[in-house]
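Here is what each chain is made of, one letter per residue.
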Amino acid sequence: MHPRIKIAIDGFSSCGKSTLAKQLAKKLGYAYIDSGAMYRAVTLHFLRNAIDLNAADEVAQALQEIEISIVPGMAQDCVLLNGEDVTHRIREMLVAEKVSEVAAIKSVRIFAVAQQKALSQSGGVVMDGRDIGTVVFPDAELKIFMTADPAIRVVRRFHELESKKQPVTIEEVQRNLELRDYIDSNRDESPLRKAEDARVLDNTNLDPTEQLELALQWSRDAIHEKAALPA
Ligand code: CDP
């Protein structure tokens, strides 16, 4: 029996983290957890309730009212916010425009990280986000930091939103990605950073199959390494 490891995938917006994380989890028979979906669900709740992000009490109170669950599905996992399926809602630009501001709030991060840790206690998990290798799983056996040429990331996300019939221009997508990358990298609370022991995967010139092959090889190496350690 091979040991089951934790795999942390971090990186900038629209680098293809979730595509890789999902495929990797499927191949390895692991759980996939999209940490960004949690921040997006919190943001949707805050927007709907017009929460003032600068009012700590209001934010703390709102967090107490939120229950997020991720239900594995055939085609995709469903994200439930207080029982409502918000899987598609949380991908809309309205949420994308506010999520980095919300994710920079300390109490929001404490709330989300606690859930992320609880969801992955049994190992055998692939989680993607911004602080997975640095804060959520500093002990992950494999850490991947993904990056890609910014212009390519914009085009990829634009096509993704277009295929979902979302009314958005390429300039709006570009502005959103630049702004989120800036806020995510410069916030005080667990900013986006490459963990020192993370392997860099630049997928500018890789297709999904090639990046999966590379990550699978790294995963097998990490699993063998763990198997070789004394129990
Ligand atoms: O658009 P993309 O898929 O790249 O982003 P996401 O993974 O859905 O995350 C949306 C936003 O949530 C990010 O821009 C961050 O502001 C925040 N986030 C975070 O702060 N920490 C994480 N572990 C995951 C996401």
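Since the model is a prediction, treat every value here as computed from it, not as a measurement. (Residues numbered from 1 in each chain as written. Predicted model: local features only at pLDDT ≥ 70, side-chain atom pairs only at ≥ 80, totals over all residues. Heavy atoms only, no water.)

Moving on to the layout of surface pockets. Size it by volume and the largest pocket reaches roughly 1,100 Å³. Along the wall of the largest pocket there are 49 residues; nearest its centre are Ser18, Asp34, Arg91, Arg157 and Glu160. Listed by contribution, the elements that provide at least two residues to the lining of the largest pocket are α1 (17-28), β2 (31-34), α2 (35-48), α4 (93-103), β6 (125-129), α7 (150-163), α8 (170-186) and α9 (208-228). For the lining of the largest pocket, the residue count by class is 16 nonpolar, 15 polar and 18 charged. In this structure, the second largest pocket spans a volume of roughly 380 Å³. Lining the second largest pocket we find 14 residues, and of these Ala31, Tyr32, Pro72, Gly73 and Asp77 sit closest to its centre. When the residues that make up the lining of the second largest pocket are grouped by side-chain class, the tally is nine nonpolar, two polar and three charged. (1 Å grid on protein atoms, 1.4 Å probe; cavity = no way out; pocket = protein on both sides within 12 Å on 5 of 7 lines; lining within 4 Å. Points joined across faces, edges and corners; volume = space filled by probe spheres on them. Helix = DSSP H or I, 4+ residues; strand = E, 2+ residues; numbered from the N terminus. Nonpolar A, V, L, I, M, F, W, Y, C, P; charged D, E, K, R; others polar.)

To continue, consider the side chain of serine 100. Considering the arrangement of structural elements, one finds serine 100 in helix α4. On the basis of relative accessible area, serine 100 is assigned to the buried category, the value being 4%. Within polar-contact distance, the side chain of serine 100 engages the side chain of aspartate 184 at 2.9 Å. Apart from the residues lying within four places of it in its own chain, the contact partners of serine 100 are Arg180, Ile183 and Asp184. (Buried < 20%, exposed > 50% of the residue type's maximum accessible area, 1.4 Å probe, protein only. Polar contact = N/O pair within 3.5 Å; in protein donor to acceptor, adjacent residues only side chain to side chain. Contact = heavy atoms within 4.5 Å.)

In the vicinity of the ligand there are 20 residues, among which Arg40, Asp131, Arg157, Asp184 and Arg187 approach most closely. In the model, an oxygen atom of the ligand is placed 3.1 Å from a nitrogen or oxygen of the arginine 130 side chain. Within the contact set of the ligand, an oxygen atom lies 2.9 Å away from a side-chain nitrogen or oxygen of arginine 180. If the ligand stood free it would expose 530 Å²; the protein chains cover 97% of that surface. Among the detected pockets, the ligand sits in the largest pocket. Mapped by element, the contributors of at least two residues to the shell around the ligand are α2, α4 and α8. Of the residues forming the shell around the ligand, the biggest block, four residues, is contributed by α2. Split into classes, the residues belonging to the shell around the ligand amount to four nonpolar, six polar and ten charged. (Near = heavy atom within 4 Å. Areas by Shrake-Rupley, 256 points an atom, 1.4 Å probe, with all protein chains shown as cover. Sits in = over half its atoms within 2 Å of the grid points.)

Here the protein averages 94 in pLDDT, and 100% of its residues register 70 or above. Per-residue pLDDT, averaged within each element of the protein, yields its smallest value for strand β3 (residues 68-71) (91) and its largest for α2 (98). (pLDDT = per-residue confidence, 0-100.)

One open sheet holds the five strands; their spatial order is β2-β6-β1-β7-β8, and the pairing between them is parallel. The open sheet is flanked by β2 and β8 (199-202), the only strands paired with a single partner. When the angles between neighbouring strand axes are averaged without regard to direction, this sheet yields 20 degrees. The sheet contact formed by strand β1 (residues 6-11) and strand β7 (residues 142-147) spans five bridges and is parallel. Looking across to β7, one finds that aspartate 10 is bridged to phenylalanine 145. Against the sheet, α9 contacts β1, β7 and β8, and its axis sits at roughly 160 degrees relative to β7. (Pairing = 2+ DSSP bridges. Axes fitted to C-alpha atoms, helices over the stretch in contact; angles between N-to-C directions.)

Tracing the sequence through the fold places arginine 187 in the loop between α8 and β8. A relative accessible area of 8% means that arginine 187 is categorised as buried. Not counting the four nearest positions on each side in its chain, arginine 187 is found in contact with Ala103, Ala104, Arg109, Arg130 and Leu192.

We now examine the sheet that holds strand β4 (residues 78-81). Pairing within the open sheet is antiparallel, and its three strands lie in the order β3-β4-β5. Because the sheet does not close on itself, it has two edges, and the strands there are β3 and β5 (84-85). Bridge analysis of β3 against β4 gives four bridges, and the strand direction is antiparallel. Across the sheet, residue isoleucine 68 finds its bridge partner in β4, namely leucine 81. Together, β3, β4 and β5 form the strand contacts of α2, whose direction differs from that of β4 by roughly 35 degrees.

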